[in-house]
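A look at the structure
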Amino acid sequence: MWRQDDKIVLILTEGIARVDNRKYRDRFHVKAKMVPFDSVEELVGHAPGGVCPFGINPGIDIYLDESLKRYERVFPAAGNDHSAVNLTISELEDASGAAGWVDVCKEPEK
C-alpha cells in the first residue's frame, strides 16, 4: 500500500519483489511512500499480512505489477494472515478490478 498525497494505492506484486523507487516515480510521478504499518487496517480495510484486492475500502486504486506475470497461478491473501486464494493471473485481473498493469519492481536477483 502506497500513499500518494491523500490517495491510497494498492499494488499487487510477486511476494519477494521490491519496489524500485525510480520506476515508481516514473509511473506515478510521486515519490514512493508506504502506508505506515499501524495505519494499514484503517486506511485499506485489512490488517497487514492479510491485505488483498478484495473487500478493501472504497476509493483505493489497485494495480497489478508485471512481476506477477512470471506465474500461471498466484495466491494473494484473502483478508487475514491465515488465508489465501488460488487464482490464475487472468482470474486475479478480473476479480481485483485492477486499474491496470504497472512495472514498478526491481528485477529479481539471480
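Further up the page is the structure itself.
**Thoughts on the sheet that holds strand β1 (residues 2-4)**
The strands that make up a sheet pair up through hydrogen bonds in the backbone, lying either parallel or antiparallel. Taken in spatial order, the 4 strands of this open sheet run β1-β2-β3-β6, and their pairing is mixed. Since the sheet does not close on itself, it has two edges, and those belong to β1 and β6 (100-102), each with one partner. Across the sheet, the mean angle from the axis of one strand to that of its neighbour is 40 degrees, orientation sign disregarded. Strand contacts of helix α1 (residues 21-28): β1, β2 (7-12), β3 (61-65) and β6, with the helix running at about 40 degrees to β1, the strand carrying the most contacts. Helix-sheet contacts for helix α3 (residues 89-96) involve β2, β3 and β6, and the interaxial angle to β3 is about 170 degrees.

**Remarks on the nonpolar core**
In this structure, M1, L10, L12, V44, L68 and L92 are the most contacted members of the largest nonpolar core, which totals 17 residues. Mapped onto this core, the elements with two or more residues apiece are β2, α2 (40-44), β3 and α3. If you tally residues by element for this core, the top one is β2, at 3 residues. When near neighbours in sequence (up to four residues on either side) are disregarded, L92 contacts L12, P53, F54, L64, L68, V74, P76 and L87. In this structure, V9, I11, V19 and V104 belong to the second largest nonpolar core, which totals 10 residues.

About the cut-offs
- Residues numbered from 1 in each chain as written.
- Predicted model: local features only at pLDDT ≥ 70, side-chain atom pairs only at ≥ 80, totals over all residues.
- Heavy atoms only, no water.
- Pairing = 2+ DSSP bridges.
- Helix = DSSP H or I, 4+ residues; strand = E, 2+ residues; numbered from the N terminus.
- Axes fitted to C-alpha atoms, helices over the stretch in contact; angles between N-to-C directions.
- Contact = heavy atoms within 4.5 Å.
- Core = buried A, V, L, I, M, F, W, Y, C linked by side-chain atoms within 4.5 Å.
- Buried < 20%, exposed > 50% of the residue type's maximum accessible area, 1.4 Å probe, protein only.

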